[in-house]
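Coordinates in review
The residues making up each chain are set out below.
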Amino acid sequence: MPAEAMSAPSDLPPIVRDGERDTKDGAAAWALSRLQDWSREKSLWPATFGLACCAIEMMASAASKYDLARFGMELYRASPRQADLLIVSGRVAQKMAPVLREIYDQMPSPKWVIAMGDCAACGGVFNNYAIIQGVDKIVPVDVYVPGCPPRPEALIDGIIKLQQRIGMGHRRS
Amino acid sequence: MTTLEEHIAAAHPGADLGQTKDGTVFWRVSAGMIGDAVTLLQRAGVDRFLDLTAVDDPTRDDRFELNYLFYTSTGKRWFRLKARTNGDAPSITAQFAGADFYEREVFDLFGVRFVGHPNLTRLLLPDDWQGHPLRRDEPLGGEPVDFTVTRDVYGT
């Protein structure tokens, strides 16, 4: 990885680092944590959690034409306990919110969240009583992918951006 | 073969029958008569309950208009039943078991209480929800957004 990619851009949220990643612990520990970041980056396992029409695009991203497997993230897990990426693909109803939060809580750390589409980002066109106005009110979001729905290219771009951050050690939980 | 209208006219002379714009015959009854009306329809061959919706007009005293949709599989025709109420209506779940969830939905979103329903709880919204969101005097919810077109709605 080139050296300039190692320093996080200033607009990112504060990076949570393991104590062992401190360079004062020695070069071996540092290298090990780099290896850890790299392995996390290269095998993201998203949870199978389709909420609405964005889920169709999410499925298309995983299917043969766009093929997420090229980037090492094709393995959609049916159990949140085996997943480390939650793609919120669609609008979240008030009744669904506790379910989504429970799924997030069941995922083992470190874990990341992508808000896919306008509805997950801010409620989209559903500005009413039934829909959560942005999923960041209930779970921390790492990447927002705009679109209604975003094309598979956009979702793949969002996941790759998240991978770059993970490779730099970015994690929030 | 006697038609549905003839059955109704024989039992209730002067029944308020009409036709919707799509050609479906409807029968307007008082809310207290819904149970009897459904029994009569069943005897006349109506064997399928299809839908129950409500329309809210807060300017009226009996603000909710219940709209039942039935189907006769022998005669292959649709039939509507309309009734206005101020908040209470008899349940027809005992006559048409399929009306169970529809009545719960109308109760959930409009607050119409169906007397005699075996389990009248919320269907779509969480159990601890306050209010009935499809009533016209309920606030819209969501977050105010300051666009020209939304100023009237939110008063921003």
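Up top you'll find the structure we're talking about.
My aim in this report is to walk through the structure given alongside it, one point at a time.

Definitions and cut-offs
- Residues numbered from 1 in each chain as written.
- Chains lettered and ligands numbered in written order.
- Predicted model: local features only at pLDDT ≥ 70, side-chain atom pairs only at ≥ 80, totals over all residues.
- Pairing = 2+ DSSP bridges.
- Helix = DSSP H or I, 4+ residues; strand = E, 2+ residues; numbered from the N terminus.
- Axes fitted to C-alpha atoms, helices over the stretch in contact; angles between N-to-C directions.
- Contact = placed C-beta atoms within 7 Å.
- Buried ≥ 20, exposed ≤ 12 C-beta atoms within 10 Å, placed from the backbone.
- Arc of directions from axis to C-beta.

Moving on to the sheet that holds strand β3 (residues 143-145) of chain A. All names here are of chain A. Read across the open sheet, the three strands follow the order β1-β2-β3; overall the sheet is parallel. The open sheet terminates on both sides in strands that have one partner only, identified here as β1 (85-89) and β3. Adjacent strand axes in the sheet meet at a mean angle of 20 degrees, parallel and antiparallel pairs treated alike. Contacts from helix α2 (residues 54-62) reach β1 and β2 (112-116) within the one sheet, and its direction differs from that of β1 by about 130 degrees.

Moving on: helix α2 (residues 34-43) of chain B. All names here are of chain B. When α2 is considered as a whole, its buried residues turn out to be I34, A37, V38, L40 and L41. Across the axial projection of α2, the buried residues extend over an arc of 160 degrees, all falling on one side. Check the buried side of α2 and you find it contacts α1 (4-11), β2 (25-30), β4 (64-72), β5 (77-85) and β6 (88-90). Positive phi appears at G45, one or two residues downstream of α2, with a value of about 110 degrees.

All names here are of chain B. Mapped onto the secondary structure, S91 falls in the loop between β6 and α3 (99-110). Each C-alpha atom, one on S91 and one on R113, is 8.6 Å from the other, the two residues being 22 residues apart in sequence. In this structure S91 touches E103, F114, V115, G116 and H117, once residues within four positions along its chain are discounted.

Within the fold, T53 of chain B resides in strand β3 (residues 48-56). Among the residues examined, T53 of chain B registers 15 C-beta atoms within 10 Å and is labelled partly exposed.

What follows covers the sheet that holds β3 of chain B. Strands pair in a sheet through their backbones, by hydrogen bonds, and they do so in one of two ways: parallel or antiparallel. Residue and element names in this part refer to chain B. Strand order in the open sheet made by the five strands is β1-β2-β5-β4-β3, with mixed pairing throughout. The sheet is open, and its two edges are formed by β1 (16-19) and β3, each paired on a single side. The sheet shows a mean angle of 25 degrees between the axes of neighbouring strands, direction not considered. Of the pairings in the sheet, the one linking β1 to β2 comprises four bridges and is antiparallel in character. By the bridge assignment for β2, L17 is matched with W27.

So, to be careful, I would describe these as geometric facts and stop short of saying anything about function.
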